[in-house]
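For reference, the chains in residue letters:
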Amino acid sequence: QVQLVESGGGLVQPGGSLRLSCAASGNIYSLYTMGWYRQAPGKQRELVALISGGGSTNYVDSVKGRFTISRDNAKNTVNLQMNSLKPEDTAVYYCNANLRTDATAKAYTYWGQGTQVTVSS
């Protein structure tokens, strides 16, 4: 069984910073791409940032230059440093991870439970 647990959400003023963390635990054989998505009220879930096992990153245009995704392969964690936050960044943020649970299993994408980020004065 695999679990992804996010932490670090909260309320912050516009222009402020938050750091989200996500730890993957359980039966993990190989951990591939990890990422962060977000879903604002009344909107579809959207990709925020991805990071491959080798460290290549990809960001949605609206967060480029403000957010930084990183990972620690030894700890099976992925982080999202969010700077210069804007009210439109308000959403529930979800981490995900594509992984295999053993050598013969297919890769599958797992999701965390989400953490609320609210940017408001």
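Please refer to the structure placed before this passage.
Starting afresh in each chain, residues are numbered from 1 along the sequence in its written order. Totals for whole chains, interfaces and linings use every residue, but because this is a predicted model, local features are given only for residues with pLDDT of at least 70 and side-chain atom pairs only at 80 or more, for both listing and counting. Excluding hydrogens and water, the side-chain values take into account all heavy atoms of the structure.

In this section: the nonpolar core. Among the buried residues, those of types Ala, Val, Leu, Ile, Met, Phe, Trp, Tyr and Cys that are joined through side-chain atoms within 4.5 Å form a nonpolar core. The cut-offs for exposure are 20% and 50% of the maximum accessible area for each residue type, with area from a 1.4 Å probe on protein chains only; residues under the lower value are buried, those over the upper are exposed, and the others partly exposed. Ranked by size, the top nonpolar core spans 29 residues in total, and within it Trp36, Leu80, Met82 and Tyr93 carry the most contacts. Strands are runs of DSSP state E lasting at least two residues, helices are runs of H or I lasting at least four, and both sets are numbered from the N terminus onward. Of all the secondary structure elements, the ones that give two or more residues to this core are β1 (2-7), β3 (18-26), β4 (30-39), β5 (46-51), β7 (67-72), β8 (77-82), β9 (91-100) and β11 (115-119). In terms of residue count, β9 provides more of this core than any other element does, five residues in total.

We now examine the pattern of salt bridges. Between Lys or Arg on one side and Asp or Glu on the other, a salt bridge is scored when a side-chain nitrogen of the former is within 4 Å of a carboxyl oxygen of the latter. Summed over all chains, the structure comprises four salt bridges. With a closest N to O distance of 3.0 Å, Arg38 and Asp89 form a salt bridge. Of this pair, Arg38 sits in strand β4 while Asp89 is found in the loop between β8 and β9, placing the two residues 51 residues apart along the sequence. Take Arg38 and Asp89: they sit in the same class, and that class is buried. The residue Arg66 makes a salt bridge to Asp89 at a minimum N-O spacing of 2.8 Å. Of this pair, Arg66 sits in the loop between β6 (57-59) and β7 while Asp89 is found in the loop between β8 and β9, placing the two residues 23 residues apart along the sequence.

Cysteine sulfur atoms are paired as a disulfide whenever they fall within 2.5 Å. Following the criterion strictly, the structure yields one disulfide and no others. Cys22 shares a disulfide with Cys95; S-S distance 1.9 Å. A residue pair is termed long-range when its members are at least 10 positions apart, and Cys22 in strand β3 and Cys95 in strand β9 qualify at 73 residues. Across the pair, Cys95 and Cys22 agree in class, each one buried.

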